[in-house]
Amino acid sequence: MSGHSKWSTIKHKKGITDAKRGKLFSQLAKNIRIATKEGGSGDPKINSSLRLAIDKARAANMPKENLQRAIDRGMGKGKGGQIQEILYEGFGPGGVAMLIVSLTDNKQRTSAEIKNILSKAGGSLGSPGSASYMFKREKDFNYTVIIPTVVDDESLQKKLEELMDKLRENEDVEDVYCTANL
């Protein structure tokens, strides 16, 4: 027997699989937006990185509507408006400096979400210039650490890793850099 109700069991299993698919689709959509923005074209024939991202999305059975919506957002079209890159600076548990790079169409929503994630983890959102001096921007738009932070406590390291994972799960966050070696 399946317990009290077979439908209840099916509903719970479906909810779990739908949550996993939704998370995968949001990551794939993020990759498509980035490829569209960096390539400057929404045409996969011209933009090879976009073609690769679309192939990965199709392999995961992502619907065409979601693909087109992600391409439109990457081009700055659609209901969301113009997408802009915003650099947030903050501090995680133990005073570890963090740079959070985001591509968003709504600055207020994204800053509120990032502030909420940081505060729940025992961190805080900093003002401009409060953490960026510890990083150096490279030619390929990645950041390297100039002033590293030593984290010896394993529980603090685990909290930082969890915080970075939560930040990366946010739809608008592209990447997170921190001064601790994780």
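On a predicted model such as this, the values are computed, not experimentally measured, just so you know.

Visitor: How would you explain the sheet that holds strand β6 (residues 173-178) if you had to name every residue and give the values?
Guide: Read from one edge to the other, the open sheet built from 4 strands follows the order β3-β1-β2-β6, with strand pairing classed as antiparallel. Each of the sheet's edge strands pairs with one partner strand only, and the pair in question is β3 (124-125) and β6. By the bridge criterion, 5 bridges tie strand β2 (residues 97-104) to β6 in an arrangement that is antiparallel. Across the sheet, Ile-100 pairs through a bridge with Val-176, a residue of β6. Packed on one face of the sheet, helix α5 (residues 154-169) meets β2 and β6 and runs near 160 degrees to β6.

Visitor: Can you lay out the nonpolar core for me, pointing to particular residues and giving the numbers?
Guide: One recurring pattern in soluble globular proteins is that nonpolar side chains are buried together. Membership of the largest hydrophobic core comes to 18 residues, with the highest contact counts inside it found for Met-98, Ile-100, Ile-114, Leu-118, Leu-167 and Val-176. Every element with two or more residues in this core is listed here: β1 (84-91), β2, α4 (107-120), α5 and β6. In terms of residues, this core owes the most to one element, α5, which gives 5 residues. When residues no more than four places from it in sequence are discounted, the contact partners of Leu-167 are Met-98, Ile-100, Ile-114, Ile-117, Leu-118, Val-173 and Val-176. With 13 residues, the next largest nonpolar core counts Ala-29, Met-62, Leu-67 and Ala-70 among its residues.

Visitor: Account for the pairing of β2, naming residues and giving values.
Guide: With 8 of 8 residues buried, β2 lies mostly within the body of the structure. Judged by which residues are buried, β2 turns out to be covered on both faces: Ala-97, Leu-99, Val-101 and Leu-103 on one side and Met-98, Ile-100, Ser-102 and Thr-104 on the other are all buried. Relative to β2, β1 is paired through 8 bridges, and the arrangement is antiparallel. When the sheet's bridge partners are listed, Tyr-88 is paired in β2 with Ile-100. Where β1 folds back on β2, the antiparallel hairpin that results is connected by 5 residues, among which Gly-94 adopts a positive phi of roughly 80 degrees.

Rules and cut-offs
Residues numbered from 1 in each chain as written. Predicted model: local features only at pLDDT ≥ 70, side-chain atom pairs only at ≥ 80, totals over all residues. Heavy atoms only, no water. Pairing = 2+ DSSP bridges. Helix = DSSP H or I, 4+ residues; strand = E, 2+ residues; numbered from the N terminus. Contact = heavy atoms within 4.5 Å. Axes fitted to C-alpha atoms, helices over the stretch in contact; angles between N-to-C directions. Core = buried A, V, L, I, M, F, W, Y, C linked by side-chain atoms within 4.5 Å. Buried < 20%, exposed > 50% of the residue type's maximum accessible area, 1.4 Å probe, protein only.

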